[in-house]
Amino acid sequence: MENVADIDDKPTIGGGVQDVYGEDRATEDQSVTPWNVSVASGYTMLRDPQFNKGLAFTEKERDAHYLRGLLPPTVICQETQVKQMIKNIRQYEVPLQKYMAMMDLQETNERLFYRLLIDHVEELLPIVYTPTVGEACQKYGSIFIRPQGLYISLKEKGKVLEVLRNWPEKNVQVIVVTDGERILGLGDLGCQGMGIPVGKLSLYTALGGVRPSSCLPITIDVGTNNEKLLGEELYIGLKHTRVTGQEYAELIDEFMTAAKQNYGEKLLIQFEDFANHNAFDLLERYRSTHLVFNDDIQGTASVVLAGVVSALKLVGGNLGDHRFLFLGAGEAGTGIASLIALEISKRTNSPVDEVRKNIWLVDSKGLIVSSREESLQHFKKPWAHDHEPVTELVDAVNQIKPTVLIGTSGQGQTFTQEVVEAMASHNEKPIILALSNPTTQSECTAEEAYTWSKGCAIFASGSPFPSVEYDGKVFVPGQANNAYIFPGFGLGLIMSGTIRVHDDLLLAASEALASQVTQEHYDKGLIYPPFTNIRKISANIAAQVAAKAYELGLATRLPRPKNLVNFAESCMYTPTYRNYR
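Residues numbered from 1 in each chain as written. Predicted model: local features only at pLDDT ≥ 70, side-chain atom pairs only at ≥ 80, totals over all residues. Heavy atoms only, no water.

Here the focus is the overall build of the protein. A count of helices and strands for the protein gives 24 helices and 18 strands. Each principal axis of the C-alpha atoms in the protein carries an extent, and together these give about 80 × 55 × 50 Å. A burial count over the protein gives 59% of its 581 residues as buried. Considering only contacts in the protein between residues 6 or more positions apart, those separated by 24 or more positions represent 71%. Mean positive and mean negative side-chain charge positions of the protein (54 and 70 charges, respectively) differ by 5 Å. (Helix = DSSP H or I, 4+ residues; strand = E, 2+ residues; numbered from the N terminus. Buried < 20%, exposed > 50% of the residue type's maximum accessible area, 1.4 Å probe, protein only. Contact = heavy atoms within 4.5 Å. Lys, Arg positive; Asp, Glu negative; His and termini not counted. Charge placed at Lys NZ, Arg CZ, Asp CG, Glu CD.)

Structural data, given as structure tokens:
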């Protein structure tokens, strides 16, 4: 199998970090030297999460690295450690306690953390990411023990490059950054939004194989408008209301310039949970000068488009035959709508403006129609169609008669029984996607969707729901989780040395994900493949994204590998313990 070493004498591998000490070029049975500032040994080694193996240090390693007496005499393998850890985590009944246990493990034994997460991905994904990460962000100040990532506040204005240079890893390939203003569906959590970049980057490694040392979580703290947090003694951020306007723009611009200066042109910067009024502007401002990606706008769009394309196998027809109605016209809603319109335009060879006429959006004031155009934010204006005003969602469903209903509102219980029944009355198999996170904000539950539609709905949600039994049949709800897309998407950008994100790369990722759904999955009513195969899925997504990047002339790693799937797999970090010499 072709591997990275065949491509370059000094490859950037394992998710993009330069392999200075030959760790990844070594085979599993070759020993590597656990370098730190000096050769790590003894007490220091046990406290470095990158090198710590706990009781898995062999007798030979204990002698070589001055570990005698610092560990109990038993030697156990990583597989046994995984069994022990999952047993310990299952003893906790409260999800937040499980989250804290996982974060503690990440800070003490990095490889065991990722091995555990990969081996039990379906069980632990809702713990390290949505929905539990939302609660963790709300309580971040009270559970804060060790700092993770970098905090860039207004206090560091003028010194951002210096702050970035304080980070010990010099070969960073992916930054996930938030300003904490719109964390999931929970609103402004300020500095406590750090849980989101930390969680996202854990998935970059576990699901996409990007090396942990190449990942940098960053929170930009400009204050918070959350009065409750401002009054909390344990709030860890700046205790004043949000700074906006020129001062905000200058801090962001300084960060973007410093990041590119410090880490290079091919650094991927992922914007995460910025409020609507900043998210679109930041993406537009930097997409031509930096390798930037907004997961809320672009990642959500890609994963939802994949689900819709996949669902066509169950409902029939072509993508262009369907009508779409969105509840929610923010980052996610308009991002999904735009990507669906682009895909239909390419498939039907029709102008995008024409395609948009079958895509309708509802915001807090009702259906977005032409008569409202002057008062609409710029990102909503393309979706203002000729129609009389409609204020209630159920009336919009009855008048538009959509085949696909998509919720991105952040408002729980808005797909009422009346709405779901209306969808079922107009469609033999209505597609209902309740995408808002966390679970409490979901537009409806899986049980409600299946029950109110009398078992005919094709349902997927943003947060996980258990299987539902209705009328003697078991329905397995799908999860339109961005974790399907962004880890493989990021890996594809990194391994090809792509310098800009083009919309066609998002379409390639969607098509790659949809192609992973098998007949066995369709038979269960699933429109997404199970997460148990996520690393294989990510490798395929990475390969198709890289292929499209080479086709568009955006890739800089030359020559192009012959087999991109094999190349993606060879780039992926695996958390198996290495032998130390």
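It is worth spelling out the sheet that holds strand β11 (residues 366-367) at this point. Taken together, the seven strands give an open sheet; going across it, the order is β11-β10-β9-β12-β13-β14-β17, and neighbouring strands pair in mixed fashion. Sheet topology places β11 and β17 (478-479) at the edges, where each strand pairs with a single neighbour. As paired strands, strand β9 (residues 324-327) and strand β12 (residues 404-407) are joined by four bridges and run parallel to one another. The partner of F324 across the bridge, within β12, is V404. The sheet contacts of helix α17 (residues 393-400) involve β9, β10 (359-363), β11 and β12, and relative to β9 the element is tilted by about 170°. (Pairing = 2+ DSSP bridges. Axes fitted to C-alpha atoms, helices over the stretch in contact; angles between N-to-C directions.)

Turning to the sheet that holds strand β5 (residues 174-178), a few remarks are in order. Taken in spatial order, the five strands make up an open sheet running β4-β6-β5-β7-β8, and their pairing is parallel. Strands at the two margins of the open sheet, each flanked by one partner only, are β4 (150-153) and β8 (291-294). Each strand axis lies, on average, 25° off the axis of its neighbour in the sheet, ignoring direction. Judged from the four bridges that link them, β5 and strand β7 (residues 268-271) form a sheet pairing that is parallel. Its bridge partner being in β7, I175 is matched across the sheet by I269. The strands touched by helix α13 (residues 276-286) are β7 and β8; relative to β8, the strand with the most contacts, the crossing angle is about 160°. The sheet strands contacting helix α14 (residues 295-315) are β7 and β8, and the helix crosses β8 at an angle near 70°.

Judged by which residues are buried, β8 turns out to be covered on both faces: L291 and F293 on one side and V292 and N294 on the other are all buried. Here β7 pairs with β8 via four bridges, running parallel. Residue L268 lies in a different strand from β8, and its bridge partner there is L291.

Here we come to the packing of aromatic side chains. By the definition in use, this model includes 14 aromatic pairs. Each member of the aromatic cluster is reached from another via a ring pair, and the members are Y450, F459, F465 and F475. Between R47 and the ring centre of Y43, over which it is positioned, the NZ or CZ distance is 3.6 Å. (Phe/Tyr/Trp six-rings, centres within 6.5 Å; stacked < 30°, edge-to-face > 60°. Lys NZ or Arg CZ within 6 Å of the ring centre and 35° of its normal.)

You can see L564 is positioned in helix α24 (residues 564-571). Residues L564 and K548, spaced 16 residues apart in sequence, show a C-alpha to C-alpha distance of 11 Å. Contacts of L564, omitting those with residues within four sequence positions, involve M495, A543, A546, A547 and Y550.

Next up on the list: the packing of helix α21 (residues 503-514) against helix α23 (residues 534-552). A pair of packed helices is characterised by two quantities: the angle between their axes and the separation of those axes. α23 packs onto α21 with a crossing angle of 145° between their chain directions and a minimal axis gap of 8 Å. Between α21 and α23 lies a crossing whose hand is right-handed. Residue-level contacts link D504, L505, A508, A509, A512 and L513 of α21 to I537, N540, I541, Q544, V545, K548, A549 and L552 of α23. The residue makeup of the contact of α21 with α23, split by class, is ten nonpolar, two polar and two charged. (Left-handed = near helix turned anticlockwise from the far one by under 90°. Nonpolar A, V, L, I, M, F, W, Y, C, P; charged D, E, K, R; others polar.)

Before going further, it helps to spend a moment on the state of the cysteines. For the coordinates displayed, the defined rule picks out zero disulfides. Here C191 stays unpaired: no disulfide links it, and the sulfur of C137, its closest cysteine neighbor, is 11 Å away. Residue classification places C191 among the buried residues on the basis of a relative accessible area of 3%. C444 carries a free sulfur, and the closest cysteine sulfur to it, the one in C456, is 13 Å from it. (Disulfide = S-S within 2.5 Å.)

Moving on to the side chain of T132. Tracing the sequence through the fold places T132 in helix α7 (residues 132-138). Setting aside residues no more than four positions away along its own chain, T132 makes contact with P95, L96, Y99, P126 and I127.

Here the focus is the nonpolar core. In this structure, F324, I406 and F489 are the most contacted members of the largest nonpolar core, which totals 123 residues. Among all residues touching F324, those that are not within four sequence positions of it are V308, L319, I340, I344, N358, I359, W360, P402, V404 and I406. V177, Y248, F255 and Y263 belong to the second-largest nonpolar core, a separate cluster that totals 37 residues. (Core = buried A, V, L, I, M, F, W, Y, C linked by side-chain atoms within 4.5 Å.)

Moving on: helix α10 (residues 195-208). For α10, with 14 residues, the first-to-last C-alpha span of 19 Å sits near the 20 Å given by 1.5 Å per residue. With 14 of 14 residues buried, α10 lies mostly within the body of the structure. Among the residues trailing α10, G209 stands out with phi positive, at a value near 75°. (Expected span 1.5 Å × (residues − 1).)

Alternating positions in strand β13 (residues 431-434) separate into two faces, I431 and L433 on one and I432 and A434 on the other, with burial throughout. In terms of strand pairing, β12 meets β13 through four bridges, oriented parallel. Paired with I406 across the two strands is L433, which belongs to β13. Direction of pairing for β13 relative to strand β14 (residues 458-461): parallel, over a ladder of four bridges. Bridging across to β14, I431 finds its partner in I458. In this view, the connection linking β13 to its parallel neighbour β14 by way of helix α19 (residues 446-452) has right-handed handedness. (Right-handed = clockwise from strand over helix to strand, strands pointing away.)

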